[in-house]
Amino acid sequence: MISDFTVESVWAKSDGKSLIKHLEDCLTVYRQVVKALPMIPYLVKLEDFFDLLFCAVYMHDWGKAHFEFQKVLKKKNNQWTHNRHEIFSVPFVGMFKFPAGYKELIAQAIIGHHKDFETLLDYVYSDDDIKSYSLNSASDINPLDFKKNLVNKLDATYLKGLKNRLQKFYNKYACGKRKFEFDNIVFSSVKNPIKEFVWPYIKENSNSDGTKYWQQMLMSGCIKLCDHMGSAEISEIPRLKESNFNFLDSFSEKLYKHQSKSACVEGNVLLSAPTGSGKTEAALLWLKKQFQSGRQGRIFYVLPYTASINAMHRRLIDNFEKNGTKPGNTRYIGILHGKLSQYLAEYFENSDENPLEKKSSIVKLKDMHHQMIHPIKVVTPFQILKYCYGVKGFEKGFAELAGAMLIFDEIHAYDTQTFAQITASLNWMTRHLNIRTMIMTATLPSFMLKELSVAIGSFQIIKADDGLLEHFVRHRVSICEGNIFDQIPAILKAVRKGLRVIVVCNTVLNAQEIFKKLLNNTDDKKSVLLHSRFTANDRLEKEKTLFDKEINIYLLVGTQAIEVSLNIDFDIMFTEPAPLDALIQRFGRINRRRKKGVCPVYVCSKGGENDHYIYPKEIVNNTMNVLRDTSVIKESKLQQMLDTVYPDFPEKDKYYKTKTGFLKSLSRLRPFMRHKEEEKEFYKRFTGVSVVPEQFQEKYEELIYQLDFIEAEKLVVTIHQGMFFKLCGKGVIEKSEGVFETSGRLKKFPYLVVRCKYDKSLGLLEQEYTESCGVLSI
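Keep in mind that what you see is a predicted model, and the values were worked out from it rather than measured. (Residues numbered from 1 in each chain as written. Predicted model: local features only at pLDDT ≥ 70, side-chain atom pairs only at ≥ 80, totals over all residues. Heavy atoms only, no water.)

(A) Focus on the pattern of salt bridges. With the rule as written, the count across this model stands at 36 salt bridges. Here Lys172 and Glu24 are joined by a salt bridge, their closest N and O atoms 3.2 Å apart. One end of the pair, Lys172, is in helix H10 (residues 156–173); the other, Glu24, is in helix H1 (residues 19–36), with 148 residues separating them in the sequence. The partly exposed category is assigned to Lys172, whose relative accessible area is 48%. By relative accessible area, Glu24 is classed as partly exposed at 21%. Across the pair Lys516 and Glu513 runs a salt bridge whose closest N-O atoms are separated by 3.2 Å. Of the two residues, Lys516 and Glu513 both sit in helix H24 (residues 508–519), three residues apart, roughly one turn of that helix. Taken together, the salt bridges that share partners define one network made up of Lys17, Lys21, Asp25 and Glu233. (Salt bridge = Lys/Arg side-chain N within 4 Å of Asp/Glu carboxyl O. Helix = DSSP H or I, 4+ residues; strand = E, 2+ residues; numbered from the N terminus. Buried < 20%, exposed > 50% of the residue type's maximum accessible area, 1.4 Å probe, protein only.)

Here it is as structure tokens:
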């Protein structure tokens, strides 16, 4: 069928954006992807990878030239029933004079750029289905009959024009030198693409050791990157250059030896150095060396706690961005916001079923994507591990990780299950995605070092030299009889003397309780409580206060959240007992810059009644025995002390069981497929559960409806799984649903609401309940 459509008259979006404009937007992103991820052809052993990607991107939406689909976009009566536009895009791949394997790869990427392959099976109809629909419909062409639609319902004149422009657009957007040759297509003999490319794929066995597997994985990831960012009209994917590291030149004359060594290594590094000895600078020097050696790729700075992520984000902004750049308007440094990538994946999976996007939605879409394109992302390990479980958008995640550089700071801080998954994923990504890794810690038990050496293979160990360790004498440790509450008189005495005091508890409840008791006797304007059960808005406000040089905070009460990457310097500490490696990290916030002689750190002999859920009792007992024989802590003796505390691999069975289960999940991972069971497994293993305090529920649903997922996430509180089940048992956690509009229809958005009271100063109060839940507060 022929039409009088002009180039601009075929739409891609319901806002009137033309298909040719959308394709050019996607090709603009394609050009950026080629520059940002140059290692992919090498990784997948396919020199023509980016040429094939060009073809897939340019042709992925040709099926939108279906007359009935155009009526959908233009809000006219239509017969677009039980169809997918990408199915009608695939047949045109047959025009290329390419090897069959090339055409198969392009076709699979196109047909899978919205829906997973198992879902697409629902769009194949039997002869009986087609006949039955014909008997009950007045349609001129049966919408279930693929072949008749292909022959009669596509705008042939328009598509011929796209074909004629292909070489021109290739020359404009691609970096290759290919001259395309074409065969004629006999549409009457074309098979249904689902039968030709999806059915055989589902039946075949593939594994991650095969070259074809990674060609499919990264082709799928890259076409989705191009389509999604093109839809958001992203015109640039920022990249770092060696010159972005020029700020490091100011450190060149005063580097420690471990920093100088880090600056010379091309490849994997494990760095062991004391807190306050410039590990972050060492990591940035290592990154600079990777760029000097010609390495290109994205960078992930991995930290265990949200508080440390926010602090590192601010620090890197100061280094890489222009003066005065605000955290929400950065070019190079970003934070991955919660489930943002899943929100976007969900949006795009359904964006063309009934594509009636509002302009306001498209603006939000653009804003969300600008939060994801930074070349340096500060993340938790779970935001990388989720890709290994097939969470929506995993192919895009692996594409970004191709040739990436990962920095793991304070690797010791993870529980056994998380550490097992980190080591297994590092090994897998090192083998298949050629990542480079720098692992940093101040304290690392020998068993962890052994597992990491297996994970990343070839690497160089860098340690702070003995001379530096001898100078890092900062803390005198004393054991205090009793628990943390017994130390209140001593804490108040230190505060009244003008000392800056840190109090560390192992549980949020204890931290809240002692903070309340101390506040009765101190100035609350100069006291801060920091733990994991604040909303992001309140936590950021507290961190801002903590780092404000004009506000001299003299009392900081916190949990493990203060152990890592907080560049603060207090005078004295009182802490509940914990494993030695965790305590050393806590001590690192005291006399950080070594300008106060030797400062006291007090460890209570008794912990909280629930501490055994957090730390193995045997390891804590070993730690206390070691500390009783210690006065001044010497960095040069730390490894010996650690090996005494950890004579063997604690929770070894749990570690290997978790690792085995994780590797099984990886073995089941396949591009183009949905992995619902693996997704459930990821969320089951993930130790945090997101809940919305009741007082924020109305605002949260309002933001979700507006597609403002980033602001909505700032109203969420994360609680540990143990606390989650405890509160469920008390009947104060309920399932609820918000809604947001996508593709002209309302989509349900499930979430959990907690009927506990929330206090801006104290956070979520697990023992105080709102009136609506009908449970008496303790």
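(B) Main features of the sheet that holds strand E1 (residues 269–272). Across the sheet, seven strands lie side by side as E3-E4-E2-E5-E6-E1-E7; this open sheet has parallel pairing. Sheet topology places strand E3 (333–335) and strand E7 (460–463) at the edges, where each strand pairs with a single neighbour. Each neighbouring strand pair of the sheet contributes to a mean axis angle of 15°, computed without reference to strand direction. Taken strand by strand, helix H20 (residues 416–433) contacts strand E5 (405–409) and strand E6 (436–441), and its axis lies near 160° from that of E5. (Pairing = 2+ DSSP bridges. Axes fitted to C-alpha atoms, helices over the stretch in contact; angles between N-to-C directions. Contact = heavy atoms within 4.5 Å.)

(C) Region of the structure containing the pairing of strand E15 (residues 717–720). Of the two faces of E15, the one holding Val717 and Ile719 is buried and the one holding Thr718 and His720 is not buried anywhere. As paired strands, strand E14 (residues 688–693) and E15 are joined by four bridges and run antiparallel to one another. Residue pairing across strands places Ser690 opposite Thr718, the latter belonging to E15.

(D) Spotlight on H1. Between its first and last C-alpha, H1 extends 25 Å over 18 residues, near the 26 Å set by a 1.5 Å rise per residue. Taking burial as the measure, the 18 residues of H1 include 14 buried ones, the bulk of the element. (Expected span 1.5 Å × (residues − 1).)

(E) Up close: the sheet that holds strand E9 (residues 501–504). Strand order across the open sheet formed by six strands is E8-E13-E12-E9-E11-E10, with parallel pairing between neighbours. Both edges of this open sheet fall to strand E8 (475–480) and strand E10 (527–530), since each of them pairs with a single strand only. Pairs of neighbouring strands in the sheet enclose a mean axial angle of 15°, with direction left out of account. Pairing geometry for E8 and strand E13 (residues 599–604), over six bridges, is parallel. Directly across from Arg476, in E13, lies its bridge partner Pro600. Packing against the sheet, helix H25 (residues 536–547) makes contact with E10 and strand E11 (555–558), and its axis sits at approximately 135° to E10. Contacts from helix H27 (residues 617–628) reach E8 and E13 within the one sheet, and its direction differs from that of E8 by about 115°.

(F) Looking closely at unusual backbone geometry. For His82, which is not glycine, the phi torsion reads 55° and is therefore positive. Mapped onto the elements of the fold, His82 is located in the loop between helix H4 (67–73) and helix H5 (85–89). Since its relative accessible area comes to 47%, His82 is described here as partly exposed. For Glu651, which is not a glycine, the phi torsion comes out positive at approximately 55°. Tracing the chain through its elements places Glu651 in the loop between helix H28 (638–645) and helix H29 (652–668).

(G) Up close: the packing of H27 against H28. Taken N-terminus to C-terminus, the directions of H27 and H28 make an angle of 140°; their axes are 8 Å apart at the nearest point. Put simply, H27 runs oblique to H28. Taken as a pair, H27 and H28 cross one another with a handedness that is right-handed. Together, Ile619, Asn622, Thr623, Val626 and Leu627 of H27 and Met641, Thr644 and Val645 of H28 make up the contact between the two elements. (Parallel < 35°, antiparallel > 145°, perpendicular 65-115°, else oblique. Left-handed = near helix turned anticlockwise from the far one by under 90°.)

(H) Representation of the nonpolar core. Counting 169 residues, the largest nonpolar core has Leu218 and Phe398 as its most contacted members. In this structure, Tyr554, Val557, Leu707 and Leu762 belong to the second largest nonpolar core, which totals 52 residues. (Core = buried A, V, L, I, M, F, W, Y, C linked by side-chain atoms within 4.5 Å.)

(I) View of the environment of Ser250. You can see Ser250 is positioned in the loop between helix H12 (211–231) and helix H13 (257–262). In the structure, Ser250 is positioned 79 residues away from Asn171 in sequence and 43 Å away in space, judged by C-alpha atoms. Here Phe247 takes part through its backbone oxygen, which lies 2.9 Å from a polar atom of the side chain of Ser250. (Polar contact = N/O pair within 3.5 Å; in protein donor to acceptor, adjacent residues only side chain to side chain.)

(J) Expanded view of the side chain of Thr423. Topologically, Thr423 is positioned in helix H20. Separated by 2.9 Å, the side chain of Thr423 and the backbone oxygen of Ala420 make a polar contact. Of the polar contacts made by the side chain of Thr423, one reaches the side chain of Tyr655; its length is 2.9 Å. Setting aside chain neighbours within four positions, we find Thr423 in contact with Glu451, Leu452, Ala455, Tyr655 and Lys659.

By themselves, these observations are geometric and do not establish any function.
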